[in-house]
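Residue-level structural notes
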Amino acid sequence: HSRVSMRININHYERFSVLFESVTGQKLHQPVTGIVTDSRECQKGDLYVALSGERVDGHGFLPAVTEQGASAALVSRVNEELNIQQVLVEDPLMTIGTMGHNWRKQFDIPVIGITGSNGKTSTKDLLVHVLSSIHRVHATEGNFNTSVGLPLSLLTLDDSHSISILELGANQPGDIEYLCTIVEPTHGIITNIAPAHLEGFGSVEAIAKSKSVLFNSLENGIAFVNTADERIVNFQIPGEKVTFGLSSDCDFPADIHQENDGTLTLILDTHVVATGTMNLSFVKNCIAVSSIAVTLGVKWEEIVGKIQSFTPPPGRCQVRKLVGITVIDDTYNANLVSSLAALDYLKAFSGNGRRIFVFGDMFELGETAPEQHVKVGEKCNEIKIDGVFTIGENAIHTDSAINGGIEHRHFSSPADLIRSLKKNLHAGDKVLFKGSRGMAMERIIEKVFEN
């Protein structure tokens, strides 16, 4: 993204201006009621942070925010022609980081950091839901998990909150380390390690190393360790640790059982949770979240109730029946691990009817893209799926890896794929749709099943 569009409200202006002066050495001339990084979202009274991106330099938008009534701007070079208070600092991004950090230090509450290759947001959303039974929860919203968004998230903490849950995103090595110094987490969980964004990192080992930093920062805290992930198990844990996973030798041992109707029941530390969902990744999130909630003092009855009242967001393994066809909508995003997991999930469906996979390109895989797409094809062979329809530049590698009598076709245009699916799908089929965000696979579902 050329411009990271983020805006927060500042509800405690006096308290913020004390912080601002202590960090920058300069007094704000006018009250600040919000902080914004994108001129298009600027409101009257905002502090505009001029960030220099790869493609766009925020300083170019100073005239625009002045016109929109911004109170002040945080800049690394001053534009003399403008009638707006410009606070000159060496690096506006680092300055915002320091502000977020100093603000966070005013609160003595549990702060939970969440990172990992898959499932960060869905784990965070569920954790917020479960902990809200006993806490006033502060949490990162949307994509506020970067070196820009996280400090802004912290600045929305106030005295009403009793706990904070923060998602730590990483686009390149060093990110998580920087975010941990700002956040100073008291608890941390790494959901899993997988080749999610190889472009910025180069190797799974590099990704593992970058994520393990979260545990290193918890000398006086608690690390929640997913024993089902062989890389995470080997991380050094300097502080206390709580383990969970699908094995008996951990603090929160879990077992997943599939009912006759396809829904999954979780047996967690002797507690039975009928999740009512067929979404395997959601059920795995429940294991992690429960281990954190129990550790933080939530009672089991409340955890079970909250798990059952949670609705996962759309496009993440949602199952629907459309004209007699079972549609598994996992179109929210895709990488190798989530694609293989989704195929396992498709395989687990009981009953007759064909199992069909509609697959679009996985993005951001750098030069390993072809081989990762081949692995998805090999998985289709292994689980003896009935049909595979692919679309995109790299999914052609998936198509060419398929053998063993599986019906498969590759398409270069959405229109052709839609036409073919309309003709070929019939009642009783179970169809999994998966692809990266940019492939917009949810539109394919819409078009195939419109009237």
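Everything here concerns the structure above.
Cut-offs used in this document
- Residues numbered from 1 in each chain as written.
- Predicted model: local features only at pLDDT ≥ 70, side-chain atom pairs only at ≥ 80, totals over all residues.
- Heavy atoms only, no water.
- Helix = DSSP H or I, 4+ residues; strand = E, 2+ residues; numbered from the N terminus.
- Rg over C-alpha atoms; globule rule 2.2 N^0.38 Å.
- Buried < 20%, exposed > 50% of the residue type's maximum accessible area, 1.4 Å probe, protein only.
- Contact = heavy atoms within 4.5 Å.
- Areas by Shrake-Rupley, 256 points an atom, 1.4 Å probe, with all protein chains shown as cover.
- Expected span 1.5 Å × (residues − 1).
- Polar contact = N/O pair within 3.5 Å; in protein donor to acceptor, adjacent residues only side chain to side chain.
- Pairing = 2+ DSSP bridges.
- Axes fitted to C-alpha atoms, helices over the stretch in contact; angles between N-to-C directions.
- Phe/Tyr/Trp six-rings, centres within 6.5 Å; stacked < 30°, edge-to-face > 60°.
- Lys NZ or Arg CZ within 6 Å of the ring centre and 35° of its normal.
- Parallel < 35°, antiparallel > 145°, perpendicular 65-115°, else oblique.
- Left-handed = near helix turned anticlockwise from the far one by under 90°.
- Nonpolar A, V, L, I, M, F, W, Y, C, P; charged D, E, K, R; others polar.

It is worth spelling out the overall build of the protein at this point. Looking only at helices and strands, the protein has 16 helices and 20 strands in total. Radius of gyration (C-alpha) of the protein: 24 Å, near the 22 Å computed for a compact globule of 451 residues. With the C-alpha coordinates aligned to their principal axes, the bounding extent of the protein is approximately 70 × 50 × 40 Å. Looking at the protein as a whole, 54% of its 451 residues qualify as buried. For the protein, contacts bridging at least 24 residues in sequence account for 61% of all contacts bridging at least 6. When the accessible surface of the protein is totalled, it reaches about 19900 Å², and 48% of it is carbon and sulfur.

Taking 1.5 Å per residue as the helical rise, helix α12 (residues 336–347) with its 12 residues ought to reach 16 Å, and the 17 Å between its terminal C-alpha atoms agrees with that figure. Within α12, burial applies to Leu336, Ser338, Ser339, Ala342, Leu343, Tyr345 and Leu346. Against α10 (280–295), β15 (318–322), β16 (325–330), β17 (355–360), α13 (369–382) and β20 (430–434) lie the buried residues of α12. A side-chain oxygen of the first residue of α12 lies 3.3 Å from the backbone nitrogen of Val337; this N-cap is Asn335.

Backbone hydrogen bonds are what pair the strands of a sheet, in a parallel or an antiparallel way. Spatial strand order, β1-β2-β3-β4-β5: 5 strands in an open sheet with mixed pairing. Since the sheet does not close on itself, it has two edges, and those belong to β1 (7–9) and β5 (85–88), each with one partner. In this sheet, neighbouring strand axes are inclined to one another by 20 degrees on average, regardless of whether the strands run parallel or antiparallel. Bridging between strand β4 (residues 72–75) and β5 involves 4 bridges; their strand directions are parallel. Bridge pairing in β5 links Ala73 to Gln86. Against the sheet, helix α3 (residues 92–104) touches β2 (34–36), β3 (46–49) and β4, its axis set at about 110 degrees to β4.

The next point concerns helix α4 (residues 120–131). Look at α4: 16 Å from first C-alpha to last across 12 residues, which is about the 16 Å you get at 1.5 Å a residue. Along α4, the residues that are buried comprise Lys120, Ser122, Thr123, Lys124, Leu126, Leu127, Val130 and Leu131. In this structure, the buried residues of α4 make contact with β6 (111–115), β7 (137–139), β8 (163–167), α10 and α11 (300–308).

Taking strand neighbours across the sheet as the criterion, the 6 strands line up as β15-β16-β20-β17-β18-β19 in an open arrangement whose pairing is mixed. Strand pairing shows two members of the sheet lacking a second neighbour, β15 and β19 (407–411), which therefore form its edges. Recorded for the sheet is a direction-independent mean angle of 15 degrees between the axes of neighbouring strands. The pairing of β16 with β20 spans 5 bridges and is classified as parallel. Following the sheet pairing, Val327 is matched in β20 by Val431. Across the sheet, helix α15 (residues 414–424) is in contact with β17, β18 (387–391), β19 and β20; its angle to β18 comes to roughly 160 degrees.

Moving on, we come to unusual backbone geometry. One non-glycine residue, Glu184, lies in the positive phi region at around 45 degrees. As for its placement among the helices and strands, Glu184 is situated in the loop between α6 (175–183) and β9 (187–190).

Under the defined criterion, the tally for this structure stands at 6 aromatic pairs. The interplanar angle of 50 degrees and the centroid separation of 6.2 Å between the aromatic rings of Trp103 and Phe107 together place this pair among those described as tilted. Residue classification places Phe107 among the buried positions, given a relative accessible area of 7%. Consider the rings of Phe215 and Phe235, whose centres lie 6.3 Å apart with planes at 75 degrees: the pair is edge-to-face. With Phe215 in helix α8 (residues 204–216) and Phe235 in the loop between α9 (230–233) and β11 (240–245), the pair connects residues that are 20 residues apart, well separated along the chain. Assigned by exposure class, Phe215 and Phe235 land together as buried. Sitting over the face of the ring of Trp103, Arg15 holds its NZ or CZ atom 4.9 Å from the ring centroid.

This part takes up the packing of α15 against helix α16 (residues 441–448). With their axes 9 Å apart at the nearest point, α15 and α16 run at an angle of 45 degrees to one another. When the axis of α15 is compared with that of α16, the two are oblique. Of the two elements, α15 crosses α16, and the hand of that crossing is right-handed. Each of Pro414, Leu417, Ile418, Leu421 and Lys422 in α15 lies in contact with α16, whose residues at this interface are Ile444, Lys447 and Val448. For the contact of α15 with α16, a count of residues per class yields 6 nonpolar, no polar and 2 charged.

Now for the environment of Phe357. Looking at where Phe357 falls in the secondary structure, it is placed in strand β17. For the pair formed by Phe357 and Ile328, sequence separation is 29 residues and the distance between their alpha carbons is 9.5 Å. Sequence-distant contacts of Phe357, that is, excluding residues within four places in its chain, are made with Leu343, Val376, Cys380, Ile385, Gly387, Val388, Phe389, Leu432 and Lys434.

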